[in-house]
Amino acid sequence: MRASDDDDDEFLPENPREKANCFSAVTFWYTLGIFYKGSRRELDESDLTKPLDEHKSQVLGDKLAKIWTKEHSSALKNDRDPSMAKVILKAFHKDILKFGVILMIVELGVRPGFPMYFNRVFYYFSAIPQSPVQKEEAYFFASGIMVCSLIVVMTVHPYMMAALHIGMKVRIACCSLIYRKALRIKLSALGGGTVGNAVNLMSNDVNRFDIAPMFVHYLWIAPVQAILCVVFLYLKVGYAAVIGIATMLVFLPIQVILGSRMSVLRRKAAVRTDERVRQMNEIVQAMQVIKMYAWENAFTQLIYQLRKKEMDILLRTSYIKGIIMSFIMFTARTCVFLTILAILMSGLDMTTENVYLAVSYYQILRETMTVYFPQGIGMVAEAFVSISRIQQFMLTEEAIVGDPTPLDPNLKFRLRILLGFEKPNQPLKSNETAIIKIVHGMAIYEDSICLEDINLEVQPGTIRQNILFGREFEIKRYREVVRVCALRARVNLARAVYKKGDIYLLDDPLSAVDINVGAQLFDNCIKEYLKDKVVILVTHQLQYLKKADQIVLLKDGLIKGKGTYNQLVKGASSFAHLLEEQQTPTEDESEDELERVIRVVSIGSAAFNSMIDIEGLKRKPDPGMYAEMRTSGTIDLKNYKEYFRAGANCCGVFVMVGFFILAQVFASLSDWFVSTWVNLEEHWKNFGTAASLGVYDKLTRKNCVTIFAIFISCTMIVAISRSLYFFTLCMRSSVRLHDRMFKSIICTSMQFFNTNTSGRILNRFSKDMGAVDELLPYAFIDTVQFMLNLLGAIILVSLLEVRLLIPTAIMLVLFYFLRLIYLKTSRNVKRLEGITRSPVFAHLNASLQGLPTIRSNGAEQTLVKEFDKLQDTHSSSWFMFLATHRAFGYWLDLICTFFIGVVTFSFILIGIDSDGSNVGLAITQCIGLSGLIQWGMRQSAELENQMTSVERVLEFARLEPETNLESVGIVGRTGAGKSSLISALFRLANFKGQILIDNLDISVIGIHDVRRKISIIPQEPVIFSGTLRYNLDPFNEHDDETIYDTLVDVEVKTALTYGRECLTHIMLEGGKNISVGERQMVCLVRAILRNNRILIMDEATANIDTVTDKFIQGIVRKKFAHCTVLTIAHRLHTIMDSDKVLVMDAGRALEFDHPHLLLQNKNSIFYDMVQHTGLGMSETLTRIAQESYAARQKSSNSL
């Protein structure tokens, strides 16, 4: 639930694109306001705008949900699997086709005409004594080059923006659909990898849709463009053109094979990432128990192993990407080399016009065939993998309860009569909770049945939002509900009571609260406030049963008795004896006690009301208290240093730099040598000698072929080696950064987990690590390749004509200042995007954990709207990022276009005395830079943007670590500080003073050493998804025989029934397929296996029935007879035979002695607590304490 009001978006400004005219949209003029603000200050959430109507999450989610429902129904009728690809295409095919036509006109109509204009300009500078092209014609053809360039720039960038916008809408729609499906998933299906799968789908898989639409059309445009280039080039150089283009086409099947292989690996990697994220989710949820058991190192090794398996696949994927990216270095140059050989072998002249016409066409094809086409193959292949994974998720079995309308908006949902229920995978035992859920699932009327469950999750947000759960705020009703529910004890109860219903199903709301609060809940809420309603109460607090109208007794899932209190007492049932023991106070006593409790609670409520949002007008939470970490300014160079030092030492980094430089040197030498070779050939043909060229005259044609072949071969070998080495280093960095981050969070204090949502933490381990794994290396290699390519081109051009350094310098200065302005804004926007993304994952994770809450309250639509609002907030920042990103590329390309014009006109205007081959080299280098510069500059900015993910990872990798860190019953009212005492013992929280164990201060002992020596049976049992054996001994510290014998000793039913096979029984995450009592038995066996001398029972039996409670207490007395046992309890009978009782209040120890001695003082707090259990129970408790004291005295005397 969001901490802000639902109507916050109404105060956001309009998106500047909303009212932008055609000129502003094409030139990205509407982004100037964003750049202005971004260059002057840090951007924050207040700078976000309303989402455009076309990318609102609710609109897109409803659209895709309707189409999916139709496709699913059609598939069922035709006995086939529904196709998610069909659904997406049906929703967005018109936009995709429309912009594909625009790209086709540019790539097939405008670009192939470029080389024709170049060719005529080359003719002007031909070595032929009388050039066939006059100066006026040269101006015309140079102008043609400028006009074509402008058309391409002003068309391609708006196309790319539109394509990215389509991808954004596909992602938004899919995320909304995934969330809606998550609300419908059957609870039993949440085991295995479903939770991790859902998080990974939304954090990584859907990101493939953002970029895929931009490249998808190149899959068919690139081959057609290649055919056109063959035709045009054939008209000039004959079959030599076929040889060159055929060489380029040879690389196509290689790219296709590599792309298909990459999609296979991507699918495998996604599965392993799912498993890692799922395990991370379990660890974050169970962090307190992990710390108490000192399992940090063991779970660290588990995550390291999962990460290693994931990276084994990602490394192979990176190698394939590296090889594909290397093609751009040598593909076009190899084609030029083979074309020259074909020209010479066919007897044609090797002239500037012929060679550089071929070079011009190959440069066009280099961009489309070696950049966009392989990108298209890879992106589309990965997109289809993501689509198939989403499709698989959408086919997950659905629950038969809950509101189906989010996934089927056309459905008119009013009344649901259900004929079945979700059947547990294990025997029910008594399992009153299961009966409650069955009743709730048999017939659910809209807003007529209210469910309160002991296990329901509190959603992120204010307490008021958790109680309202999307319903209208009625201040009078709200205050009354807060009062009668003693809100400190039961937020879930308040949520159920606030909902206006006819039937209330209350699943043990009286457990885990002290007797006074329990009495208030029963009398004020259940008996008084809900007196006109049907209330079905599951409880183990038998003292309240005398006031019940009807009592139902359950055993092994069957009804063993039914009737009034008196009827059951008189009956022969074995439960009658238990009921007789629970004598409640008389009516007068109850009334006096009630008045006292109300008075106490009323006094405390004033302080509590200052902490919660009663009217929406009082104190709000400090926004900085739980704000996500955020840095500002430029990316610190230390982050780059840490990134690469994580992958290699200084020598390794120098080797990497050497590979990059060497690859560019060989590539530039190849370009330079083409010009020299052409110059030699022209001089040999026109003048019979090349003496004027100096030392080059000594070269023969065979020498030239050999030299060029050597340069091309070296370029190919070094480029591929460079990519493989670089990606190896990057993957190593990624592994180590992940491991450092995980080690950091698992070793930090619980304060970190109390102030950071699980979604925020998972965001770093999914989205941010995904960027570090896959996006960052790609941006980095592109940036470095561009920088070196730019440097090589500048050196070559300046060697031909020094005066060209002037426009080059002007261009670079403009680029530099534009980049500065862009980076200030883009860094802010990217950080803002990361922060607005975290609540989306937090909302998803909280919803998956709280599905029973959501369904029981019919809150699916409310939660979907909330999710859509969070997505809209993220979409606002993402659209801002896209718009500024494309605007930067557009303006860079405009500068490049004018730079090409300046260089071309300079040769004509100034009348530079230069050979045609040199002019061809200069112009083709500039043309090559035109697309390369804007791409490289944007990638350099993208590199900094992706480095924010490294920055965010390192933030969590630098967390402050935790400081290196007889039988006693502990009682007190709710909030007395009993659990805080346990936190102090386990050093989960900072404290002042000393804690001594055997006269040894635990603060001077290693923190894990302390925790390993203390066993705990917690109030909320933690169960991991996996086998029973894995849950008892996650890290194989005990053999099967020991574990099985322990299970038999404590009479675990599955062990007695199935023998050793019970160890392989599967348990779902959170133990959803076993009862609460069975979960607690797992924790008991864990404690026995640890064999420590100190045991803590933190209200361990509060949520289980009396019989199981007595059984566990008996096992504890037997197995831990020689141990110090600290028992926190609300049920006083569990600690009445303790050696000592510690009574606490407000964090202070008020009384400490044997329970029998404390009861001798009728003014003691402990005596008062015993008396409030009821007449019969107080007598029983007093007798137990007396017998225990007598036995202890007898034992002492015998010694």
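In this text, all values refer to a predicted model and were calculated from it rather than measured experimentally.

Student: Whenever I open this one, the overall build of the chain confuses me. Can you help?
Tutor: A tally of helices and strands in the chain yields 40 helices and 17 strands. Every one of the 1199 residues in the chain was classed for burial, and the buried ones make up 60%. When the accessible surface of the chain is summed, it comes to about 48,300 Å², and 59% of that surface belongs to carbon and sulfur atoms.

Student: Help me out: how do you make sense of helix α2 (residues 32-40) in this one?
Tutor: Burial in α2 covers these residues: Ile34, Phe35 and Gly38. Here the buried residues of α2 occupy an arc of 95 degrees about the axis, which is enough to place them on one side. Those residues of α2 that are exposed and aimed more than 90 degrees away from the buried face are Tyr36 and Arg40. For α2, the secondary structure elements touched by its buried residues are α27 (805-849) and α29 (860-909).

Student: For this particular structure, what's the right way to read a positive patch on the surface?
Tutor: On the surface, Arg261, Lys268, Arg272, Lys309 and Arg316 cluster together into a positively charged patch. Of all elements in the fold, only α10 (239-285) and α12 (296-345) reach the threshold of two or more residues within the positive patch. Of all the elements, α10 adds the most residues to the positive patch, at three residues. Inspection of the secondary structure assignment puts Lys268 in helix α10. You can call Lys268 partly exposed: its relative accessible area is 39%.

Student: I tried to follow the pattern of salt bridges on my own but got confused; where do I start?
Tutor: Note on pairing: side chains with opposite charge can pair once their charged atoms come close. Counted under the stated rule, the structure contains 43 salt bridges. Arg483 serves as the salt-bridge partner of Glu480, at 2.8 Å between the closest nitrogen and oxygen. Of this pair, Glu480 and Arg483 both sit in helix α16 (residues 475-484), separated by three residues, roughly a single helical turn. The class of Arg483 is partly exposed, set by a relative accessible area of 37%. In this structure, the salt-bridge partner of Arg958 is Glu642, at a minimum N-O distance of 2.5 Å. In this pair, Arg958 sits in the loop between α30 (916-957) and β8 (968-971) while Glu642 sits in helix α22 (residues 637-645), placing the two residues 316 residues apart along the sequence. Accessibility expressed as a relative area gives 45% for Arg958, which makes it partly exposed. Take Glu642: its relative accessible area is 22%, and that puts it in the partly exposed class. Among the charged side chains, a salt-bridge network with shared partners connects Asp768, Lys830, Glu833, Arg837 and Arg952.

Student: What's the story with the pairing of strand β14 (residues 1094-1098) in this structure? I'm lost.
Tutor: Summarising burial for β14: five of the five residues are buried, a large majority. Every second residue of β14 is oriented toward a common face, with Ile1094, Ile1096 and Asp1098 on one face and Leu1095 and Met1097 on the other, all of them buried. Where strand β11 (residues 1014-1017) and β14 come together, four bridges link them in parallel fashion. The residue bridging Ser1015 from the neighbouring strand is Leu1095, located in β14.

Student: So what exactly am I meant to see when it comes to the nonpolar core here?
Tutor: As a rule of thumb, soluble globular proteins bury nonpolar side chains together. Residues Met84, Leu1047 and Leu1084 are the most contacted members of the largest nonpolar core, which totals 293 residues. Looking at this core element by element, the count peaks at 25 residues for helix α6 (residues 135-182). Once you skip the residues sitting within four places of it in the chain, Leu1047 turns out to touch Leu1028, Leu1032, Val1052, Ala1055, Cys1062, Leu1063 and Val1085.

Student: What should I look at first to understand the packing of α6 against helix α8 (residues 208-215) in this one?
Tutor: Helices that pack against each other are described as a pair by the angle of their axes relative to one another and the distance between those axes. At a closest axis distance of 7 Å, the pairing of α6 and α8 adopts a crossing angle of 145 degrees. In the packing of α6 onto α8, the handedness of the crossing is right-handed. Touching Tyr159, Met160, Ala163, Leu164, Ile166, Gly167, Met168, Val170, Arg171 and Cys174 of α6 are Phe209, Asp210, Ile211, Pro213 and Met214, all from α8. Split by residue class, the contact of α6 with α8 holds twelve nonpolar, one polar and two charged.

Student: Can you help me understand the side chain of Gln279 in this one?
Tutor: Inspection of the secondary structure puts Gln279 in helix α10. If we skip the residues at most four places from it in the chain, Gln279 touches Phe299, Leu302, Ile303, Leu306 and Tyr1030.

Student: Which parts of the structure should I look at to understand the packing of aromatic side chains?
Tutor: The description of an aromatic ring pair uses the distance of the two centres, along with the angle that the planes make with each other. By the definition in use, this model includes 37 aromatic pairs. Their ring planes at 80 degrees and their centres at 5.2 Å tell us that Phe337 and Phe708 sit as a pair that is edge-to-face. Of this pair, Phe337 sits in helix α12 while Phe708 sits in helix α24 (residues 701-747); the two residues are 371 residues apart in sequence, bridging distant segments of the chain. Taking relative accessible area as the criterion, Phe337 reaches 10% and is therefore assigned buried.

Student: Mind showing me how you'd approach the packing of α10 against helix α26 (residues 758-800) here?
Tutor: Following both chains from N to C, one finds α10 and α26 inclined at 150 degrees, their axes separated by 10 Å at the closest point. On the basis of the axis angle, α10 is roughly antiparallel to α26. Pair α10 / α26 crosses with right-handed handedness. Each of Arg276, Val277, Met280, Asn281, Val284 and Gln285 in α10 lies in contact with α26, whose residues at this interface are Ser758, Ile761, Leu762, Phe765 and Ser766. Of the residues assigned to the contact of α10 with α26, the class counts are six nonpolar, four polar and one charged.

Student: Help me understand the environment of Leu258, please; the structure alone is not making it clear to me.
Tutor: Its place among the elements puts Leu258 in helix α10. Distance in space between the C-alpha atoms of Leu258 and Ile377 is 9.1 Å, their sequence separation being 119 residues. Not counting chain neighbours up to four residues away, the residues in contact with Leu258 comprise Ile320, Ile323, Ile324 and Phe327.

Student: Teacher, can you tell me more about the confidence of the model for the chain here?
Tutor: The predicted coordinates should not be examined in detail at positions where pLDDT is low. Taken over all residues, the pLDDT of the chain has a mean of 77, while the share at 70 or more is 83%. Scored below 50 in pLDDT, residues 414-431 shows 48 contacts in the model against residues more than four places distant or in partner chains. When the criterion is pLDDT under 50, residues 581-625 qualifies, and its contacts beyond four places in sequence or with other chains add up to 61 contacts.

Student: I'm lost on the environment of Ser346 in this one. Help?
Tutor: Tracing the chain through its elements places Ser346 in the loop between α12 and α13 (352-394). Residue class for Ser346 comes out partly exposed when judged on its relative accessible area of 47%. When the C-alpha atoms of Ser346 and Gly238 are compared, they prove to be 8.8 Å apart, with 108 residues separating the residues in sequence.

Student: Explanation requested: helix α4 (residues 84-110) in the structure shown.
Tutor: Residues lying three or four places apart along an α-helix face the same way, a consequence of the helix completing one turn every 3.6 residues. Over its 27 residues, α4 extends 36 Å from the first C-alpha to the last, a length consistent with the 39 Å expected when each residue adds 1.5 Å. One side-chain oxygen at the N-terminal end of α4 lies 3.5 Å from the backbone nitrogen of Ala85; it belongs to Ser83.

Student: How should I be thinking about unusual backbone geometry in this particular structure?
Tutor: Phi is positive for Phe28, close to 60 degrees, though the residue is something other than glycine. One can find Phe28 in the loop between α1 (22-27) and α2. The residue Asp79 is not glycine, and still its phi comes out positive at about 55 degrees. Classification of Asp79 as exposed rests on a relative accessible area of 74%.

Student: It is not clear to me how a nonpolar patch on the surface should be interpreted in this structure. Could you clarify?
Tutor: Taken together, Ile227, Val231, Tyr234, Leu235, Tyr239 and Val242 make up a surface patch of nonpolar side chains, about 640 Å² in accessible area. Secondary structure elements with two or more residues in the nonpolar patch: α9 (218-237) and α10. The dominant element in the nonpolar patch, judged by the number of residues it contributes, is α9, at four residues. Tracing the backbone through its elements, the reader meets Val231 in helix α9.

Student: Got a minute to help me understand the environment of Leu407 in this structure?
Tutor: Within the secondary structure layout, Leu407 lies in the loop between α13 and β1 (415-417). In the structure, Leu407 is positioned 342 residues away from Ala65 in sequence and 5.5 Å away in space, judged by C-alpha atoms. For Leu407, the contacting residues outside a window of four places in its chain are Ala65, Thr69, Leu177, Arg180, Lys181, Arg184, Met394 and Glu398.

The rules behind these values
Residues numbered from 1 in each chain as written. Predicted model: local features only at pLDDT ≥ 70, side-chain atom pairs only at ≥ 80, totals over all residues. Heavy atoms only, no water. Helix = DSSP H or I, 4+ residues; strand = E, 2+ residues; numbered from the N terminus. Buried < 20%, exposed > 50% of the residue type's maximum accessible area, 1.4 Å probe, protein only. Areas by Shrake-Rupley, 256 points an atom, 1.4 Å probe, with all protein chains shown as cover. Arc of directions from axis to C-beta. Contact = heavy atoms within 4.5 Å. Patch = residues over 30% accessible without salt bridge, like charges linked within 9 Å, V, L, I, M, F, W, Y side chains within 5 Å. Salt bridge = Lys/Arg side-chain N within 4 Å of Asp/Glu carboxyl O. Lys, Arg positive; Asp, Glu negative; His and termini not counted. Charge placed at Lys NZ, Arg CZ, Asp CG, Glu CD. Pairing = 2+ DSSP bridges. Core = buried A, V, L, I, M, F, W, Y, C linked by side-chain atoms within 4.5 Å. Axes fitted to C-alpha atoms, helices over the stretch in contact; angles between N-to-C directions. Left-handed = near helix turned anticlockwise from the far one by under 90°. Nonpolar A, V, L, I, M, F, W, Y, C, P; charged D, E, K, R; others polar. Phe/Tyr/Trp six-rings, centres within 6.5 Å; stacked < 30°, edge-to-face > 60°. Parallel < 35°, antiparallel > 145°, perpendicular 65-115°, else oblique. pLDDT = per-residue confidence, 0-100. Expected span 1.5 Å × (residues − 1). Polar contact = N/O pair within 3.5 Å; in protein donor to acceptor, adjacent residues only side chain to side chain.

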